[in-house]
Amino acid sequence: QPVVTQPSSASAALGSSVTLTCTLTGGHSDYNVAWHQQQPGKAPRYLMKVERSGNYNKGGGVPDRFSGSSSGADRSLTISNVQFEDEADYYCETWNSQVFGGGTRLTVL
Amino acid sequence: EVQLVETGGGLVQPGGSLRLSCAASGFIFTRFALSWVRRAPGKGLEWVSSISGSGSSTYYADSVKGRLTISRDNSKNTVYLQMESLRVEDTAIYYCAKDMGSGYVDYWGQGSLVTVSP
């Protein structure tokens with residue numbers, strides 16, 4: 001099964017942009033991923049599915065500031081005009097939901 | 001509107017049992033696989049188990065195989081997680097999650113806390 005690697009932390013200044021990346025390893029660099037956001041004390045929320053092609057499909061109500069992209073084995077989530085409410089843990093998921101990355105904690109400065 | 005509502009969590013001693021339920025609404029229940037995903041204190045999300053829309057196929061993480069059993073009652077739009085021989089390391093918030101139809105989660109429940117402690 002694939003292994004998904006994510007940086008454990010990231011930070012961004014209010015109003016700036018930040019790109020979070022998950023890397024597919026274990027010979028599964030062609031897999032799609034889904035990104036989820038978990039704000040402190042809340043349940044996870046589906047953000048988008050990012051395909052190998054770079055196409056992405058967002059969940060209902062996800063702000064336009066969130067976008068996805070792909071390059072090689074990397075599947076990325078970009079947040080533009082970062083807001084304080086974007087401070088959260090971000091997870092990527094793949095392989096029939098059976099593999100989650102370790103998550104990236106985003107701090108907004 | 002899709003809703004997933006988990007119930008059944010609580011405090012249990014090591015070796016004990018518990019059954020979680022997830023009542024679903026807002027979609028055609030039999031068409032979608034459902035999963036349980038947990039988050040232990042200080043850790044990230046961990047997949048636990050999945051069940052197909054018909055209920056004929058089930059899948060388990062190695063860490064829970066033989067102790068946890070997933071099932072669904074399509075007449076009640078409910079999925080269950082029967083938890084036996086619970087261990088301290090099973091302490092977590094357990095989330096019910098709906099598959100979008102292509103192997104990825106698109107909706108989450110609010111979670112149910114399971115605490116395993118002497």
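Report on the accompanying structure. Computed from a predicted model, the values in this text were never measured in an experiment.

**Looking at unusual backbone geometry**
Residue and element names in this part refer to chain B. In this structure, Asn77 is a non-glycine residue whose phi angle is positive, near 50 degrees. Relative to the elements of secondary structure, Asn77 occurs in the loop between β7 (68-73) and β8 (78-83). A relative accessible area of 26% places Asn77 in the partly exposed class. Located in the positive-phi region is Ser85, a residue other than glycine, with phi close to 50 degrees. Positionally, Ser85 belongs in the loop between β8 and β9 (92-99). Judged by its relative accessible area of 41%, Ser85 falls in the partly exposed class.

**Regarding the interface of chain A and chain B**
Between chain A and chain B, the contact holds 21 residues from the first and 20 residues from the second. Here chain A and chain B share an interface that buries about 1,600 Å² over both sides, 58% of which is from carbon and sulfur atoms. In terms of surface lost to chain B, no three residues of chain A exceed Pro44, Gln98 and Phe100 of chain A, which account for 31% of the buried area on that side. In this assembly, chain A and chain B are joined by one salt bridge. Elements represented by at least two residues in the side of chain A that touches chain B include exactly β4 (33-38), β5 (45-50) and β9 (88-94) of chain A. Residue composition of the side of chain A that touches chain B, by class: seven nonpolar, eight polar and six charged.

Scoring rules and cut-offs
Residues numbered from 1 in each chain as written. Chains lettered and ligands numbered in written order. Predicted model: local features only at pLDDT ≥ 70, side-chain atom pairs only at ≥ 80, totals over all residues. Heavy atoms only, no water. Helix = DSSP H or I, 4+ residues; strand = E, 2+ residues; numbered from the N terminus. Buried < 20%, exposed > 50% of the residue type's maximum accessible area, 1.4 Å probe, protein only. Contact = heavy atoms within 4.5 Å. Buried area = accessible area lost by both parts, 1.4 Å probe. Salt bridge = Lys/Arg side-chain N within 4 Å of Asp/Glu carboxyl O. Nonpolar A, V, L, I, M, F, W, Y, C, P; charged D, E, K, R; others polar.

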